[in-house]
Amino acid sequence: MIKIAICDDETVMCEKLKMAVSSILKKQEEEYRINRYFDAVSLLCSSLDYDLLFLDIRMPGMNGMKAAGRLRELGFAGELIFTTAFSEYMPDAFEVEAADYLCKPIDQNRLERTLKRVLKRIRGGREENLCIRTTGGCKRIPFCEIYYCEVMNRKIFIHTRQGVIDYYGRMRDAEVQTFPHLIRCHRSYLVNPRFLREYAGGEILLENGEQIPVSKNHHKAFLERMLAWMEEEG
């Protein structure tokens, strides 16, 4: 499901954009959810669990450009599309890595082309990144950076090349979210096969020198998944 937010202080414009986006996504048979916000502060106070944000620029209080900058500071890595009647802010859009800048009134054909391009990136990004919600906001972690995941006291600890990232979650959900990139080897561990250096005596030795246990209950399934991964990687 594609999760979308529209932030625009004009209620009518917000509804029109929602209907236009819905029409395009229905034609593509894409599952989606759209939430609306009428000011930037309300958006920033939300979970920020979105793949795509449509942002108006001139709004009371915090404008859309400042909100976009704050979103990036919070770690939001989703797609941003500005929707505005003013073209003079266009150069600033590059500073916050906006996917597009649509001037009102928004042309339906232009919107459709933009959505197709952005959705392709979102789908591709989902395949290569683990998306989580932390206390600081949203975070996308490339699977190629993850050594392993560990659960302790209702928290998931993601051990990466850059350090450890933790968030509240369940191992069952983490296993689904990381499939097929990570393999379950223990009730408390998911391991990235690309970093496996050695497996012997019920212990996995990773390239970073850490050792991960393999339980008897997961031994057979782990070996089967490892062999399948090795065949796919050649």
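Since this is a predicted model, take the numbers as computed values, not measurements.

Procedures and definitions
Position numbers for residues count from 1 along each chain, tracking the sequence in the order it is written. Whole-chain, interface and lining totals are the exception, using all residues; otherwise, since this is a predicted model, local features are given only for residues with pLDDT of at least 70 and side-chain atom pairs are given and counted only at 80 or more. Only hydrogens and water are removed before side-chain values are computed, so all heavy atoms of the structure are retained for them. By convention in these notes, a salt bridge is any Lys or Arg side-chain nitrogen within 4 Å of a carboxyl oxygen on Asp or Glu. Every helix listed is a DSSP run of H or I at least four residues long, and every strand listed is a run of E at least two residues long, numbered separately from the N terminus. Per-residue accessibility, obtained with a 1.4 Å probe over protein chains only, is compared with the maximum for each type, and a residue is labelled buried under 20%, exposed over 50%, and partly exposed between these values. Residues grouped as a nonpolar core are buried Ala, Val, Leu, Ile, Met, Phe, Trp, Tyr and Cys residues, joined through side-chain atoms within 4.5 Å. We call two residues contacting when some pair of their heavy atoms lies within 4.5 Å. Following DSSP output, two strands are said to pair if at least two bridges run between them. Disulfides are defined as pairs of cysteine sulfur atoms found within 2.5 Å of each other.

Visitor: Run through the pattern of salt bridges, naming residues and quoting values.
Guide: Tallied over the full model, the rule gives 16 salt bridges. Across the pair Lys104 and Asp56 runs a salt bridge, and its minimum N-O distance is 3.5 Å. Residue Lys104 is found in the loop between strand E5 (100-103) and helix H5 (108-128), and its partner Asp56 is found in the loop between strand E3 (52-55) and helix H3 (64-73); the two are separated by 48 residues along the sequence. Of the charged contacts, one joins Arg58 and Glu88 as a salt bridge, the two residues approaching to 3.1 Å between their closest N and O atoms. Placement of the pair is Arg58 in the loop between E3 and H3 and Glu88 in the loop between strand E4 (79-84) and helix H4 (90-93), with a sequence separation of 30 residues. Among the residues examined, Arg58 registers a relative accessible area of 41% and is labelled partly exposed. We classify Glu88 as partly exposed; its relative accessible area is 47%. What emerges from the salt-bridge pattern is a single network uniting Asp8, Asp56 and Lys104.

Visitor: Kindly report on unusual backbone geometry, identifying the contributing residues and their values.
Guide: Working note: non-glycine residues mostly have negative phi, and peptide bonds are mostly trans. Here Lys104 and Pro105 are connected by a cis peptide whose omega angle stands at -10 degrees. In this fold, Pro105 is placed in the loop between E5 and H5. Residue Pro180 follows Phe179 across a cis peptide bond; omega there is 5 degrees. Looking at where Pro180 falls in the secondary structure, it is placed in the loop between helix H6 (171-178) and strand E11 (183-186).

Visitor: Quick rundown of the nonpolar core? Include the residues and the values.
Guide: The biggest cluster of nonpolar side chains holds 23 residues, and the ones touching the most others in it are Leu43, Leu53, Leu55, Leu71, Leu80 and Phe82. For this core, the secondary structure elements donating two or more residues are strand E1 (2-7), helix H2 (40-44), E3, H3 and E4. In terms of residue count, the dominant contributor to this core is H3 (four residues). Look past the residues within four positions of Leu43 in its chain and what remains in contact with it is Ala5, Cys7, Tyr37, Leu48, Leu53, Leu55 and Leu71. Listed in part, the 21 residues of the second largest apolar core include Ile4, Met13, Leu17 and Leu52.

Visitor: Any details on the pairing of strand E13 (residues 196-200)? Residues and values, ideally.
Guide: Inspection of the sheet shows E13 paired to strand E14 (residues 203-206) by four bridges, in the antiparallel sense. Residue Tyr199 lies in a different strand from E14, and its bridge partner there is Ile204. The loop that links E13 with its antiparallel partner E14 comprises two residues; one of these, Gly201, has a positive phi angle of about 60 degrees.

Visitor: Hey, could you go over the state of the cysteines for me, with residue numbers and the actual values?
Guide: Summed over all chains, the structure comprises zero disulfides. Looking at the unpaired Cys45, the closest cysteine sulfur is the one in Cys7, lying at 11 Å. Cys185 forms no disulfide, and the closest cysteine sulfur to it belongs to Cys149, at a distance of 11 Å. Exposure remark for Cys185: the relative accessible area of 0% places this residue in the buried category.

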